[in-house]
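Analysis of the macromolecular model
As a plain string of letters, each chain reads:
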Amino acid sequence: MLKENFNDLIYLVMVAQERSFTRAAAKLGVSQSALSHAIRGLEERLNVRLLTRTTRSVAPTEAGERLVQSVEPMLNDIEKALVSVQEKQGNISGNIRITAGEHALTTTLWPLLKPFLQQYPEVNVEMSVDNTLTDIVSGRFDAGVRLGEQVEKDMVAVRIGPDWSMATVATPDYFAQHGIPATPYELQHHNCINMRLPTLGGIYNWEFRDGDREIKVKVEGQLIFNNLSSRIDAAVSGMGIAYVPEDSVKSLIAEGKLQRILQAWCTPFSGYYLYYPSRKQHTAAFAKLIDAVKYRT
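Residues numbered from 1 in each chain as written. Predicted model: local features only at pLDDT ≥ 70, side-chain atom pairs only at ≥ 80, totals over all residues. Heavy atoms only, no water.

Re the sheet that holds strand 4 (residues 123-129)
Stated formally: What makes two strands pair is DSSP finding at least two bridges between them. Strands are runs of DSSP state E lasting at least two residues, helices are runs of H or I lasting at least four, and both sets are numbered from the N terminus onward. Fitted lines through C-alpha atoms give the axes, limited to the stretch in contact for helices. The angle between two N-to-C directions lies from 0 to 180 degrees.
Ordered in space as 4-3-5-15-6, the five strands form an open sheet in which the pairing is mixed. Each having just a single partner strand, strand 4 and strand 6 (155-159) make up the two edges of the open sheet. Pairwise comparison of adjacent strand axes, ignoring direction, gives a mean angle of 30° for this sheet. Both strand 3 (residues 94-100) and strand 5 (residues 143-147) contribute to a ladder of three bridges, which runs parallel.

Here you go:
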């Protein structure tokens, strides 16, 4: 019975993880029809429904969830055993899934990963760009990237980049027409390009510092985005004042396309950290990745 069910169990776990036949089939490299046929065959042999299917979604039934929870750790152990055999032969390989925000990925993580991937061509890395505070355990990620103060206490955190600051910018023409705010409070009288926080669903209050005192300013404006590149483009287009990571607009400031203000008020952030569950048993590939991205002053 095990032999005829083994592949079907792998298929079931993947569908349960992805909550989608389309995504599961793509990851498994099989057709949706073949995947659906395999799951139905497994259900018929066990005489129990394992998945609830609708036109829009798929989810495990109670029996399916119990089976997945029992089988998934065993399949993971088998995969680790196979990877271990390869590693003992000197081959570093495996799959690693990481979630990171747009700015963290482009400025910090990706530049570190490029030489790592070139050194270990048999390591596959999937990177999910997500500006929310993703639960890496429920999302089945091996690791995530966040600012130091956002990492939960039960996670292991490895610093991967230096501290960085935000920059308040607009075009010189905008400031010539509307004036330059002398303090963060005066931003409330300007057209500011806002950012919606995906996790909370609210608008980000711009953070500044007055000596030892932290200031959060609620600004108003014509535009709201939930990504960085659009906010920068809007600022360059003269649509208002943006509050963005300094390194993302450094070249635009040098070229004179943007002008920075309120620099003395800007709050530095503690830099990005790669984090992962403390109970995680590392593969050699993951251990090598940690060492490759670790921040070195």
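Quick look at the pairing of strand 9 (residues 206-210)
Note on strand geometry: in a regular strand, side chains alternate between the two faces of the sheet. Sheet analysis places strand 9 next to strand 10 (residues 213-217), joined by five bridges and oriented antiparallel. Note on strand 10: the bridge partner recorded for D210 is R213. A loop of two residues connects strand 9 with strand 10, the two strands running antiparallel in sequence, and G211 in this loop sits at a positive phi of about 65°.

Here we look at the pattern of salt bridges
Rule in force here: For salt bridges, the criterion is a side-chain nitrogen of Lys or Arg within 4 Å of an Asp or Glu carboxyl oxygen. For each residue, the accessible area found with a 1.4 Å probe, counting protein chains only, is set against the maximum for its type, and the residue is called buried under 20%, exposed over 50%, and partly exposed in between.
What the rule picks out here adds up to ten salt bridges. D210 serves as the salt-bridge partner of R213, at 3.4 Å between the closest nitrogen and oxygen. Here R213 falls in the partly exposed class, since its relative accessible area comes to 45%. A salt bridge links E246 to R260, with the nearest nitrogen and oxygen atoms 2.9 Å apart. Taken together, the residues span a long stretch of sequence, with E246 in helix 8 (residues 246-254) and R260 in strand 13 (residues 259-261) at a distance of 14 residues. Its relative accessible area of 29% is what places E246 among the partly exposed residues. You can call R260 buried: its relative accessible area is 19%.

Observations regarding the side chain of E207
Basically, it comes down to this: Residues scored as charged are limited to Lys and Arg (positive) and Asp and Glu (negative), so that His and the chain ends carry no count. A 3.5 Å cut-off defines polar contacts: any pair of N or O atoms within that distance qualifies, except that in protein one atom must be a possible hydrogen donor and the other a possible acceptor, and neighbouring residues in sequence count only when both atoms are side-chain atoms. Working rule for contacts: check all heavy atoms of both residues, and any pair within 4.5 Å makes them a contact.
Turning to its location among the elements, E207 is positioned in strand 9. Of the side chains bearing the opposite charge, K216 lies closest to the buried E207, which forms no salt bridge; the N-O distance is 4.5 Å. For E207, the side chain forms a polar contact with the side chain of Y204, separated by 2.7 Å. With residues up to four places along the chain from it excluded, the contact list for E207 reads E214, I215, K216, Y243, T267 and F269.

Observations concerning helix 7 (residues 228-236)
Let me state the cut-off plainly: Throughout, the arc means the angular range of directions from the helix axis out to the C-beta atoms.
Residues of helix 7 that are buried: L228, R231, I232, A234 and A235. For helix 7, the angular spread of the buried residues around the axis is 160°, confining them to a single face. For helix 7, the elements touching its buried residues are helix 5 (102-119), strand 8 (192-195), strand 11 (223-225), strand 12 (241-245) and helix 8. Of the residues trailing helix 7, G238 is marked for its positive phi of about 80°.

Some remarks on the state of the cysteines
Let me state the cut-off plainly: Throughout, disulfides are identified as pairs of cysteine sulfur atoms within 2.5 Å of each other.
In the structure shown here, the tally under the stated rule is zero disulfides. With no disulfide of its own, C192 lies closest to C266 among cysteine sulfurs, the gap being 13 Å. On the accessibility criterion, C192 (0% relative accessible area) is buried.

Observations concerning the packing of helix 7 against helix 8
For the record, the criterion: Small angles under 35 degrees read as roughly parallel and large ones over 145 as roughly antiparallel, with 65 to 115 read as roughly perpendicular and the rest as oblique. A clockwise turn of the near helix away from the far one marks a right-handed crossing, whereas an anticlockwise turn of less than a right angle marks a left-handed crossing.
Taken N-terminus to C-terminus, the directions of helix 7 and helix 8 make an angle of 25°; their axes are 11 Å apart at the nearest point. Taken together, the axis directions place helix 7 and helix 8 in an arrangement best described as roughly parallel. Of the two possible hands of crossing, helix 7 and helix 8 adopt the one that is right-handed. Taken together, the residues of helix 8 that come into contact with helix 7 (itself represented by L228, I232 and V236) are S248, V249 and L252.

Focus on the packing of helix 2 (residues 21-28) against helix 3 (residues 32-46)
Rules: Any residue that is not Ala, Val, Leu, Ile, Met, Phe, Trp, Tyr, Cys, Pro, Asp, Glu, Lys or Arg is counted as polar, Gly included; the first ten are nonpolar and the last four charged.
Helix 3 packs onto helix 2 with a crossing angle of 105° between their chain directions and a minimal axis gap of 9 Å. Between helix 2 and helix 3, the crossing angle belongs to the class labelled roughly perpendicular. Judged by residue contacts, F21, T22, A24, A25 and L28 of helix 2 engage Q32, L35, S36 and I39 from helix 3. Counted by class, the contact of helix 2 with helix 3 contains six nonpolar, three polar and no charged residues.

Section: unusual backbone geometry
In this model, R19 sits at a positive phi of 55°, which is unusual for a non-glycine residue. Take R19: it is sitting in the loop between helix 1 (2-18) and helix 2. Phi is positive for N47, close to 60°, though the residue is something other than glycine. Residue N47 is classed as exposed on the basis of its relative accessible area, which comes to 71%.

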